[in-house]
Amino acid sequence: MSTSSDLPDQRVIEKVCDLELFDAKGKKIKFNTIIAGKKVIVVFIRHFFCGSCQQYVEQLASVPKEKLEGANIGLVVVGCGDWQPITHYAEETGFKGEIYAEPTRAIYRELGMISNMGGTPQGEERKSYLKRGPLFNALRSIWRGPLSKPSLIGKQGNVAQLGGEFVFEPEKKCTFAYRMKHSEDHVEVVDLMKRAGVDL
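First, a word on what this report is: a plain description of the structure on this page. None of these values were measured; they are calculated from a predicted model.

**Digging into helix α8 (residues 189-196)**
Here is step 1 of the chain: What α8 keeps buried is the set Val189, Leu192, Met193 and Ala196. Down the axis of α8, the buried set is contained in an arc of 95°. They therefore lie on one face. Turned more than 90 degrees from where α8 packs its buried face, Val190, Lys194 and Arg195 sit exposed.
Here is step 2 of the chain: In this structure, the buried side of α8 is in contact with β3 (39-44), α3 (51-61), α4 (65-70), β4 (73-79), β6 (164-169) and β7 (173-179).
Here is step 3 of the chain: Gly197 sits one or two positions beyond α8 and adopts a positive phi of about 100°.

If you want it as structure tokens, here you go:
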């Protein structure tokens, strides 16, 4: 099993490149298409109703578009649910970039991401993107997900699946990897951008 920051080897990357995701209209697309042509930051979130991940994607949405374009770097979000929640998720988070769905979680597994329901361990500092307390966050997640869009219930994805952050170069090479160890463990946005070469 990979540790949180082990880079995936070339065999894994080649396998992942051939796996499929869905775009916001339900069209299948191979992972290779997403990372081809330029450096791309791929952020794997948990399920589409996860309030902690929504806060993280809200912060990603605040990264100036011109900073990414100036560095010729793409920013993509992938969720582990079905494709139907994507449009709602983009509206709720304000994220204007590409969002994809990977309901089989095959890419998650191949890249070494694990399943875990735990939050920030006692004694560990909570990440700065977590602006809301756990209880309020949970209630807000329910309101923004199942209650506001009951048609999406069951389409959000596996609630135990964790995500992570990866930076891919055009030649199918991964130069940065971080896998969440618990449900509130995305890499700080500033640190992620720095590792990718985006000057904030």
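Next, the rest of the story.
**Comments concerning the nonpolar core**
Here is step 1 of the chain: Within the largest apolar cluster, 30 residues are counted, with the highest numbers of intra-cluster contacts made by Ile41, Val43, Leu60, Leu192 and Met193.
Here is step 2 of the chain: Counting only elements with at least two residues in this core, the list comes to β3, α3, β4, α5 (86-93), β5 (98-101), β7 and α8.
Here is step 3 of the chain: Apart from the residues within four sequence positions on either side, Met193 is in contact with Ile41, Leu60, Val63, Leu68, Leu75, Val198 and Leu200.
Here is step 4 of the chain: If you look at the next biggest cluster of nonpolar residues, it comprises 24 residues, including Ile29, Phe31, Cys80 and Phe166.

**Describing the environment of Phe176**
Here is step 1 of the chain: Topologically, Phe176 is positioned in strand β7.
Here is step 2 of the chain: Judged by relative accessible area, which is 9%, Phe176 ranks as buried.
Here is step 3 of the chain: In sequence terms Phe176 and Leu68 are 108 residues apart; their C-alpha atoms lie 17 Å from each other.

Criteria and cut-off values
Residues numbered from 1 in each chain as written. Predicted model: local features only at pLDDT ≥ 70, side-chain atom pairs only at ≥ 80, totals over all residues. Heavy atoms only, no water. Buried < 20%, exposed > 50% of the residue type's maximum accessible area, 1.4 Å probe, protein only. Helix = DSSP H or I, 4+ residues; strand = E, 2+ residues; numbered from the N terminus. Arc of directions from axis to C-beta. Contact = heavy atoms within 4.5 Å. Core = buried A, V, L, I, M, F, W, Y, C linked by side-chain atoms within 4.5 Å.

These results come straight from atomic positions and should not be treated as a statement about function.
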